[in-house]
Amino acid sequence: EEQDILQILNNLPDGLFTMDIDGTITYFNAAAEQITGLPVSHAIGMKCRQVFNSPACDTDCPLKRTVWAEKEVYTREVTVARTDGEKTPIICSFSRLRGPHDNVVGGVEVFIDISDRKHLENDLRLSERKYRRIFEGSKDMILIISKDGTIKDVNQAGVDLLEYASKQELLG
């Protein structure tokens, strides 16, 4: 049964490791190895801060934060430095682990690589800026109208052509 649980944990698509109360890694799955670039054999016995190698570990340690807090789960977005020097953005959720007498004995950290999402967010920001420049810079009137006929947006050329004092006056 324990082997079945380890098999499940090792096949999770998300990085996962457990640590004791001092932040020493006691378990490290294959996805954690892939995301951090750190072999399992090296990670076991290291401190969590050494694995993530992130400035956030100095200022926002979830183990320290949750040991004394009411909050059982702590989620954050951080950038970790892989062993090859590449910076990888992740979202991680930390949960404290409790012993048989309800005392905190460590924690479990689950994390995912959000590099692709960050690239998409950046592409979206660039696209929005490009659209805004075209929209606002056009000498032709451009209106964005909803299905019910409400004007949702208009460029300055539209405001001028329709002889309104301001954009806000035109927007429904």
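Our subject in this report is the structure included herewith. (Residues numbered from 1 in each chain as written. Predicted model: local features only at pLDDT ≥ 70, side-chain atom pairs only at ≥ 80, totals over all residues. Heavy atoms only, no water.)

1. Quick word on the overall build of the protein chain
Then, in step 1: A tally of helices and strands in the protein chain yields 9 helices and 7 strands.
Then, in step 2: Taken against the 2.2 N^0.38 rule, which gives 16 Å for 172 residues, the C-alpha radius of gyration of the protein chain at 25 Å runs more than 25% over that of a compact globule.
Then, in step 3: With the principal axes as the frame, the protein chain shows a C-alpha extent of 75 × 35 × 35 Å.
Then, in step 4: Burial statistics for the protein chain: of 172 residues in total, 35% are counted as buried.
Then, in step 5: In the protein chain, of all internal contacts separated by at least 6 residues, the share reaching a separation of at least 24 is 35%.
Then, in step 6: Accessible surface computed for the protein chain: about 11000 Å², of which carbon and sulfur atoms make up 54%. (Helix = DSSP H or I, 4+ residues; strand = E, 2+ residues; numbered from the N terminus. Rg over C-alpha atoms; globule rule 2.2 N^0.38 Å. Buried < 20%, exposed > 50% of the residue type's maximum accessible area, 1.4 Å probe, protein only. Contact = heavy atoms within 4.5 Å. Areas by Shrake-Rupley, 256 points an atom, 1.4 Å probe, with all protein chains shown as cover.)

2. A closer look at the environment of threonine 18
Then, in step 1: Inspection of the secondary structure assignment puts threonine 18 in strand E1 (residues 15–20).
Then, in step 2: With relative accessibility at 17%, the residue threonine 18 sits in the buried group.
Then, in step 3: Distance from threonine 18 to aspartate 123, taken between C-alpha atoms, is 35 Å for residues 105 residues apart in sequence.
Then, in step 4: Dropping the residues within four chain positions of it, threonine 18 is found in contact with Thr24, Ile25, Thr26, Tyr27, Leu97, Gly107 and Val108.

3. Side note on the pairing of strand E5 (residues 104–113)
Then, in step 1: Where E1 lies against E5, 6 bridges are found, and the strand directions are antiparallel. Pairing of leucine 16 across the sheet is with valine 110, part of E5.
Then, in step 2: In terms of strand pairing, strand E4 (residues 87–98) meets E5 through 9 bridges, oriented antiparallel. Of the residues in E5, the one forming a bridge with isoleucine 91 is isoleucine 112.
Then, in step 3: Hairpin connection, E4 to E5: the antiparallel pair is bridged by 5 residues, and aspartate 102 has positive phi, about 65 degrees. (Pairing = 2+ DSSP bridges.)

4. Observations regarding the side chain of arginine 82
Then, in step 1: By the secondary structure assignment, arginine 82 is in the loop between strand E3 (73–81) and E4.
Then, in step 2: For arginine 82, the side chain forms a polar contact with the main-chain oxygen of glutamine 34, separated by 2.8 Å.
Then, in step 3: Here isoleucine 35 takes part through its backbone oxygen, which lies 3.0 Å from a polar atom of the side chain of arginine 82.
Then, in step 4: Not counting residues within four places of it along the chain, the set of residues in contact with arginine 82 comprises Gln34, Ile35, Thr36, Gly37 and Thr88. (Polar contact = N/O pair within 3.5 Å; in protein donor to acceptor, adjacent residues only side chain to side chain.)

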